[in-house]
Amino acid sequence: MAGERPATICFPFTGDAVGGSYISVLGLIRKLDRNRFTPLVLPQRPDGAVAALFREHGIDIEESFQWSEQNFARRIGPRALIKALGDVPSQLRFLRSRNVDIVHSNDGRTHATWALATRLAGAKLLWHHRGNPSALGLRLAAPLLADQVVAVSQFALPRPGLFSAAGKSEVVHSPFDTTLKEDRAAAHAALATELNAPDDAIFIGYFGTFIDRKRPALFIDSIAALVARNPGSAIYGVLFGEDLDGRTQNALETRVKKHSLTENVRFMGWRKPGSRWIAACDILMVPAVNEPFGRTLIEAMLVGTPIVATRSGGNIEALRDGEIGQLVAPESADALAAACLRYCESPAFARLMAHRAERDARMRFGEEAHARRIMEIYERMLAGKAGASACSQRQAA
């Protein structure tokens with residue numbers, strides 16, 4: 001236990017690309033009880049985008065620790081991981097010097113590069129898993145090094161087995177600002193003006209990085225199928241996001257030209273606040289497969305944008321098996337297009353689903369409830385008690 005002082009919770013962030021997990025952590029830190037927990041935010045670059053995100057919200061940044069540059073690799077392979085082991089002594093000294101009680105890691109690279117030092121320092125490790133349950137680290141390292149695994153959805157939980165972290169895992173859904181509201185009419189009008197589109201344009205939105213799991217190419221194929229089904233309407237597929245390798249967008253633009261959709265599909269770049277642009281869209285399309293728990297999907301629920309998503313991963317859990325949004329077969333452009341067309345042809349149905357989803361999201365995904373759950377887990381870890389089993393969490397969900 002931390003004794004009389006508040007427990008120190010260290011949040012290291014490897015790399016400098018702001019993602020949904022960092023927004024979730026920001027919401028958690030804002031709600032932490034400072035009488036019980038002191039957050040120690042440790043971005044790899046004190047002058048970078050991650051540090052700026054926290055500073056914008058009045059959260060202090062730890063600048064004393066010197067990170068190794070090799071940890072900026074987007075993926076941790078065997079060679080990079082071996083190099084990262086050279087950082088363990090300095091990480092160990094830092095954790096001990098700052099009396100860190102719990103390291104709360106939030107992405108694969110951070111799990112891989114801080115888990116061993118955390119264990120050697122005598123601190124506890126909360127492994128916050130936001131990825132696929134087949135992830136190598138979750139399967140091979142978490143059973144040995146994590147004291148507790150928190151998964152963002154039932155889908156993301158580690159699978160039970162002889163060597164598994166399932167027995168020390170539970171689900172805590174990501175937090176959202178449930179007071180969020182946007183003027184949908186004004187946002188739609190602004191987007192129409194920017195694109196020189198008619199007032200009655202139908203905007204179908206894609207939000208996220210251009211990576212294969214999120215299926216941006218399938219989004220383009222789906223817009224092509226929708227335009228073919230409804231040639232008389234002004235349909236626009238708008239992609240809000242960016243690639244990570246400098247090449248993917250070029251391939252997507254080539255695909256747009258192949259479908260003769262240069263007027264119908266627009267690349268909007270990465271913008272914030274994302275909720276405003278989601279609100280500008282008539283429909284959010286989520287073609288992703290094995291998505292653990294997408295933030296844009298919940299943000300669409302909160303701002304009243306109807307959703308079409310694949311019946312895959314955390315989408316099923318978020319949309320309550322299709323009760324508050326349309327779920328379709330994965331990998332099917334025709335199915336995605338047909339579901340969008342149903343919204344277009346029945347505005348009353350679209351409004352009903354959006355209203356149900358908004359009400360549900362405001363009940364389920366608040367920052368207060370998330371922070372309370374995580375603080376309960378912190379207290380349990382500090383008391384040395386094992387986490388709830390994945391099996392019991394599935395039964396309780």
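Residues numbered from 1 in each chain as written. Predicted model: local features only at pLDDT ≥ 70, side-chain atom pairs only at ≥ 80, totals over all residues. Heavy atoms only, no water.

> Got a sec to walk through the layout of surface pockets? Specific residues and values, please.
The volume enclosed by the second largest pocket comes to roughly 310 Å³. Forming the walls of the second largest pocket are R184, I202, D282, I283, G304, P306, Y343, C344, P347, A350, R351 and A354. For the lining of the second largest pocket, the secondary-structure elements that each account for two or more residues are helix 14 (333-345) and helix 15 (347-364). Sort the elements by how many residues they give to the lining of the second largest pocket and helix 15 lands first, with 4 residues. Here the lining of the second largest pocket is built from residues that sort into 8 nonpolar, 1 polar and 3 charged. (1 Å grid on protein atoms, 1.4 Å probe; cavity = no way out; pocket = protein on both sides within 12 Å on 5 of 7 lines; lining within 4 Å. Points joined across faces, edges and corners; volume = space filled by probe spheres on them. Helix = DSSP H or I, 4+ residues; strand = E, 2+ residues; numbered from the N terminus. Nonpolar A, V, L, I, M, F, W, Y, C, P; charged D, E, K, R; others polar.)

> Residues and numbers for helix 15, please.
Compared with the 26 Å implied by 1.5 Å per residue over 18 residues, the 26 Å span of helix 15 between its first and last C-alpha is a close match. Within helix 15 the residues assigned to the buried category are F349, A350, M353, A354, A357, D360 and A361. Down the axis of helix 15, the sector holding all buried residues measures 135°, keeping them to one side. Exposed positions of helix 15 whose direction lies more than 90 degrees from the buried face are R351 and M363. Looking at the buried side of helix 15, the elements it contacts are helix 12 (295-303), helix 13 (315-318), strand 12 (326-328) and helix 14. (Expected span 1.5 Å × (residues − 1). Buried < 20%, exposed > 50% of the residue type's maximum accessible area, 1.4 Å probe, protein only. Arc of directions from axis to C-beta. Contact = heavy atoms within 4.5 Å.)

> Can you explain the packing of helix 12 against helix 15? Please cite residues and give values.
Relative to each other, helix 12 and helix 15 sit at 110°, their axes nearing to 7 Å. Overall, the two elements helix 12 and helix 15 adopt an arrangement that is roughly perpendicular. Note that helix 12 runs across helix 15; the crossing there is left-handed. Contacts between helix 12 and helix 15 involve I298, M301 and L302 from the former and A354, A357, E358, D360, A361, R362 and R364 from the latter. (Axes fitted to C-alpha atoms, helices over the stretch in contact; angles between N-to-C directions. Parallel < 35°, antiparallel > 145°, perpendicular 65-115°, else oblique. Left-handed = near helix turned anticlockwise from the far one by under 90°.)

> So what about the sheet that holds strand 2 (residues 37-43)? Which residues, and what values?
With respect to topology, 6 strands assemble into an open sheet ordered 2-1-3-4-5-6, the strand pairing being parallel. One side of each edge strand has no neighbouring strand; the edge strands of this open sheet are strand 2 and strand 6 (169-171). Along the sheet, successive strands turn relative to each other by an average axial angle of 20°, direction set aside. Two strands pair when backbone bridges link them, and strand 4 (residues 124-129) and strand 5 (residues 148-151) are joined in this way by 4 bridges, in the parallel orientation. Within the sheet, the bridge partner assigned to W127 lies in strand 5 and is V149. (Pairing = 2+ DSSP bridges.)

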